[in-house]
Structures are given as structure tokens and as C-alpha cells.
Amino acid sequence: MNKSSIYGLTFDQLEAWLLPHGYKTFWAQKLWNWLYRERVADFDAMTDMKPECLALLKEHFVMHTLTEHIKQESADGTVKFLFKLTDGNLIETVMMRHKFGLSVCVTTQVGCNIGCSFCASGLLKKTRDLTSGEIVEQIMNVQRALDEAGNGEKVSHIVVMGIGEPFDNFTNLMDFLNVVMNQKGLEIAGRHITVSTSGLADKIYEFTDSKVPVNLAISLHAPNNELRTQIMKINKAIPLEKLMDAVDYYLENTNRRITFEYILLKDVNDRPQDALELAELIGHKKQYVNLIPYNPVDEHGQYQRSTPDAIMAFYDTLKKKGLNCVVRQEHGTDIDAACGQLRSKQIQKAQ
Ligand code: SAH
Ligand code: SF4
């Protein structure tokens, strides 16, 4: 039997697991402290835990289900990790340095079934969902690498924008968020966490109702159904009308803005009329717009990156219409940093 990761349990789940074994809340708190505050790499380093308790934990859980396979460092401080899971699958995690802090982009699935036409992750169908422990361990591995470097750096932001569709792995995503936000542990503020979805409307309602106080980003990428269906086939099943109803529900029931992501593809969705139509569609909503320069993917040769002039013109149009718009700063372009690129290249090499 494969033992599961201790990092997969929320505090409440850990407490509930320990209690029937005779260990009260006090012990759950101690353990949690070793895991998330001391951040030791081994159960045996938890010096003030009872040996019987550690033996019990070791019998049922492990602390490492990820091993570092490849680590690439970019000139701009971005670090990309390729982790191997216990079943041999590979996943990507990216750490980025910003003026405002240090963010980690996590993966939620092995592959992705949404299959957007511009994305490297969608090239490989979903093999399985990641467990909550495998998602939390991505953060812990990065944080431990920072701890070892000894500069006192701490992961302050999380973006759930790696491989996979987080809302297609909803329960594990929610447990992950619960763990990393817990004030007794890593204590990463919800306002510093963003979950990105390709637009699974049902889950947007569920996410809103859960009241988990983290930011939501929608991969919009087109201002009308025809164009969106052309580049994201999910739009056939969940057209813009349905998606925008769910977005409005989110906005009505939270105090937050929503972020719309928009990849700029040369002559596909970057024309002036696209910008005007986009402003028409979302201009009246409480929004941020992230314009993303397309990161070329070898297998998607039909797409090119928009010219700098087209990007600026698109940006200007949205600004003039009063939208809160930024062009996303790029990180680690020298190290295959676009979503899923390193993984898909490694897998091709191996085949
Ligand atoms: N599946 C979720 C989250 C992961 S993708 C989603 O689609 O939202 C995270 C972001 O990376 C999405 O906005 C996605 O559209 C974008 N992305 C995918 N491929 C890209 C590429 N080649 N260049 C730039 N951004 C890309
Ligand atoms: Fe999946 Fe997101 Fe890539 Fe689309 S953009 S294939 S939803 S990971």
C-alpha cells in the first residue's frame, strides 16, 4: 500500500485522525508546528513528539511523495522544478520573485483534459488528479529550498496556474487552500492566493458558496463565443453566457474583483475590434484584466505572439474604456516557463 502524504491532511482532519489514537489537539498542534513552522524534512527530527506517536505516524504517512527530478534557474531569479511523483509521473512547479514577494505556481493534475489549443499542458491528457498532499508538498519543497539557502525568504503568494484544471480537482484543491492558509501553519493570506480556471461554471458557484477568501481568475482569452470556441473547446459545453452568469454570481456574493486572463495571439484575438468587444463584455464588471503575451509552444505552430505594437494598442483600448488592465510580466522565458512546457519537453525526450 502506498502511504499518503502527511501534508494532505487539513488541521481538522489531522486532529480527527489523531484523537481515536489517544492524541488530543495538543499533539496535532505540535505536529503541525514541526511540519509548517519548523519545516523539518523527517519525522525523526520532531524531537519533542512521543516515540510511539511518531511510530504511528510513520506507519500510516510519509513526508515526501515528490522527488526533485530537474531544477532550472533563470537569470531573473525564477526557479522551475520538475518533480517526480511516487508513480513516476512528472509535474512542474515554478517559483517567481517579484517586487511584492515570492510566488509559487502549483500544478493540480497530471496533464489536463480541457485541451486548450494554445497550451502545452493540454497536449497530454489527464492521467490523474494530484492529491492534496502532492499539491501542498510543492509549496513545502520550494519553502525548504529557501530555508536551506538561509536568506530568510518565505513563499508569500500562490498562483494555482500550473498544469491542470484546478476546478476539475475541486476537493483536493480546497483542502490544499485550507492547509496553506491555516494561521497555525504557513499562514499565506487568501488575498495573496489566486486560483485560475478555464471556466467550469458549476464549480465557480460552488467556490463562491464555499466562501474561501482567495482570488479567482478566469481564462477568458476571447470576447465572443465563436472565437472562444475556436481556441478553447470547453466553450462549446460552457458558453460565455453561462460563464458570465457564474462570474456575476461570484461578484455579487463576494467583495472581490475577478481577474480575466487574456492570452494575446497574433491576428487571432488581438485585433482592435477584439479589444472593443472585450471591453463591452466585461467593462462594467469589477475586474482586473491580465494581458498575457503568448509563450510559443512548438506543437501549436498555428499561433504566434502578438507584436509589441499590437499588445500596446490592445492595452490602450482597454485602458481608454476604463478597464483595470496590466500586461503580465514574463518570468523565466529562458527556461521553458510557460505552463507545462518543461514537462512536455521532458516526456517527448523520454519517448
Ligand atoms: N487550467 C487553468 C489553470 C492553469 S493554466 C486555466 O486554464 O486557467 C494557467 C494560465 O496559463 C491560463 O490562463 C492559461 O490560459 C495560460 N497559458 C496556457 N498556455 C499558455 C501559453 N502557451 N502562453 C501563455 N499562457 C499560457
Ligand atoms: Fe488545461 Fe488551463 Fe492548459 Fe486549458 S490552459 S489546457 S485548462 S491547463
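Remember, it's a predicted structure, so these values are computed and weren't measured experimentally. (Residues numbered from 1 in each chain as written. Chains lettered and ligands numbered in written order. Predicted model: local features only at pLDDT ≥ 70, side-chain atom pairs only at ≥ 80, totals over all residues. Heavy atoms only, no water.)

## Digging into the sheet that holds strand S14 (residues 325-327)
Filter applied, for reference: Strand pairing is assigned whenever DSSP detects at least two bridges linking the two strands. Helix and strand definitions follow DSSP, with helices as H or I runs of at least four residues and strands as E runs of at least two, each counted in order from the N terminus. As a rule, the C-alpha atoms of each element are fitted with a line to give its axis, helices using only the stretch in contact, and angles between N-to-C directions run from 0 to 180 degrees.
One open sheet accounts for 10 strands, arranged S3-S4-S5-S6-S9-S10-S11-S12-S13-S14; its pairing is mixed. Because the sheet does not close on itself, it has two edges, and the strands there are strand S3 (66-73) and S14. Here the strands of the sheet are splayed against their neighbours by 20° on average, with no regard to which way each runs. Sheet topology note: the strand S11 (residues 215-219)/strand S12 (residues 258-264) ladder contains 3 bridges and is parallel.

## Quick notes on the site of ligand 2
Filter applied, for reference: Proximity is defined per residue: if any heavy atom of the residue lies within 4 Å of a molecule or strand, that residue is considered near it. Following the grouping adopted for this structure description, the nonpolar residues are Ala, Val, Leu, Ile, Met, Phe, Trp, Tyr, Cys and Pro, the charged ones are Asp, Glu, Lys and Arg, and the polar ones are all others, Gly among them.
Near ligand 2 the following residues occur: Cys112, Ile114, Gly115, Cys116, Phe118, Cys119, Ser121, Gly122, Gly164 and Ser198. Here the residues of the shell around ligand 2 sort into 5 nonpolar, 5 polar and no charged.

## Examining the UniProt feature "binding site: S-adenosyl-L-methionine" (unreviewed entry) in the protein
The cut-off we apply is this: UniProt positions are given in the numbering used here, feature names are shortened, and annotations may be inferred rather than shown by experiment. Exposure classes here rest on a 1.4 Å probe applied to the protein chains alone. A residue is buried below 20% of its type maximum, exposed above 50%, and partly exposed in between. Contacts between residues were defined by any pair of non-hydrogen atoms, one from each residue, lying within 4.5 Å.
Under the local residue numbering, the UniProt record ascribes the feature "binding site: S-adenosyl-L-methionine" (unreviewed entry) to Gly164, Glu165, Ser196, Ser219, Leu220, His221 and Asn295. Mapped onto the secondary structure, Gly164 falls in the loop between strand S9 (157-160) and helix H5 (170-181). By relative accessible area, Gly164 is classed as buried at 16%. Excluding its chain neighbours within four sequence positions, the residues that come into contact with Gly164 are Thr108, Gln109, Gly111 and Cys112. Once you skip the residues sitting within four places of it in the chain, His221 turns out to touch Phe118, Ile231, Met232, Glu261, Tyr262, Ile263 and Asn269.

## As for the packing of aromatic side chains
Our working definition: A pair of Phe, Tyr and Trp rings is counted when the ring centres sit within 6.5 Å of each other, with Trp represented by its six-membered ring. The angle between the planes then sorts it: under 30 degrees is stacked, over 60 is edge-to-face, the rest tilted. Whether a charge lies above a ring is judged from NZ of Lys or CZ of Arg, which has to be within 6 Å of the ring centre and within 35 degrees of the ring normal.
In the structure shown here, the tally under the stated rule is 12 aromatic pairs. Seen from their ring centres, Tyr205 and Tyr249 are 4.9 Å apart, and the 50° between their planes marks the pair as tilted. With Tyr205 in helix H6 (residues 201-210) and Tyr249 in helix H9 (residues 240-253), the pair connects residues that are 44 residues apart, well separated along the chain. Between the aromatic rings of Tyr294 and Tyr303, the centroid separation amounts to 6.1 Å while the plane-to-plane angle is 80°, which identifies the pairing as edge-to-face. The same class applies to Tyr294 as to Tyr303, namely buried. Members of the aromatic cluster, connected to one another through ring pairs, are Tyr7, Phe11, Trp32 and Tyr36. Of note, Lys184 hangs over the ring of Phe11, and the distance from its end group to the ring centre comes to 4.2 Å. When the ring centre of Tyr288 is taken as reference, the NZ or CZ atom of Arg257 above it lies at 5.4 Å.

## A look at the site of ligand 1
Operational definition: Counted as a polar contact is a pair of N or O atoms within 3.5 Å, where, for protein atoms, one must be capable of donating a hydrogen and the other of accepting one, and residues adjacent in sequence contribute only when both atoms are in side chains. Accessible surface area values rest on a Shrake-Rupley calculation with a 1.4 Å probe, where residue burial reflects the displayed protein chains alone.
Looking at ligand 1, there are 19 residues lining it, with Gly164, Ser196, Ser219, His221 and Asn295 nearest. In this structure, an oxygen atom belonging to ligand 1 sits 3.1 Å away from a side-chain N or O atom of Glu261. At 2.9 Å from a nitrogen atom of ligand 1 is found a main-chain nitrogen or oxygen belonging to Asn295. The protein chains hide 93% of the 530 Å² of surface that ligand 1 would expose on its own. Sorting the residues of the shell around ligand 1 by element identifies strand S10 (193-197) and S12 as the ones contributing at least two each. For the shell around ligand 1, the residue count by class is 9 nonpolar, 8 polar and 2 charged.

## Some thoughts on the nonpolar core
Heads up, the condition is: In this description, a nonpolar core means a group of buried Ala, Val, Leu, Ile, Met, Phe, Trp, Tyr and Cys residues linked to one another through side-chain atoms lying within 4.5 Å. A domain assignment, automatic or from a database, supplies the domain bounds used here.
If you look at the biggest cluster of nonpolar residues, it comprises 108 residues, and the most contacted ones within it are Phe176, Leu177 and Phe207. Among the elements that line this core, the one with the most residues is H5, at 8 residues. There are two domains that each give this core at least three residues, and those are domain 1 (4-62) and domain 2 (66-350). Leaving out residues up to four positions away in the same chain, Phe176 has contacts with Val106, Ser132, Ile135, Val136, Ile139, Ile158 and Val160.

## A short note on the domain arrangement of the protein
What counts, and what does not: Computed with a 1.4 Å rolling probe, the buried area is the accessible surface lost when two parts are put together, summed over both parts. By convention in these notes, a salt bridge is any Lys or Arg side-chain nitrogen within 4 Å of a carboxyl oxygen on Asp or Glu.
Its domain assignment divides the protein into domain 1 (4-62) and domain 2 (66-350). When each unit is reduced to the centre of its C-alpha atoms, the spacing between domain 1 and domain 2 is 32 Å. Interface of domain 1 and domain 2: buried area, both sides summed, is about 1,400 Å²; carbon and sulfur atoms make up 57% of it. Taking the shortest distance from any N to any O, the salt bridge between Arg39 and Asp147 comes out at 2.6 Å. Between the two partners, domain 1 and domain 2, sit 7 residue pairs in polar contact (both at pLDDT 80 or more). Secondary-structure elements contributing two or more residues to the side of domain 1 that touches domain 2 are helix H1 (11-18) and helix H2 (25-38). In terms of residues, the side of domain 1 that touches domain 2 owes the most to one element, H2, which gives 5 residues.

## Considerations on the UniProt feature "binding site: [4Fe-4S] cluster" (unreviewed entry) in the protein
Within this structure's numbering, the places UniProt gives as "binding site: [4Fe-4S] cluster" (unreviewed entry) are Cys112, Cys116 and Cys119. Residue placement: Cys112 occurs in the loop between strand S7 (109-110) and strand S8 (128-129). Non-local contacts of Cys112, meaning those with residues more than four positions away in its chain, are made with Ser121, Gly122, Leu124, Lys125, Lys126, Gly164 and Glu165. Position of Cys119 relative to the elements: it lies in the loop between S7 and S8.

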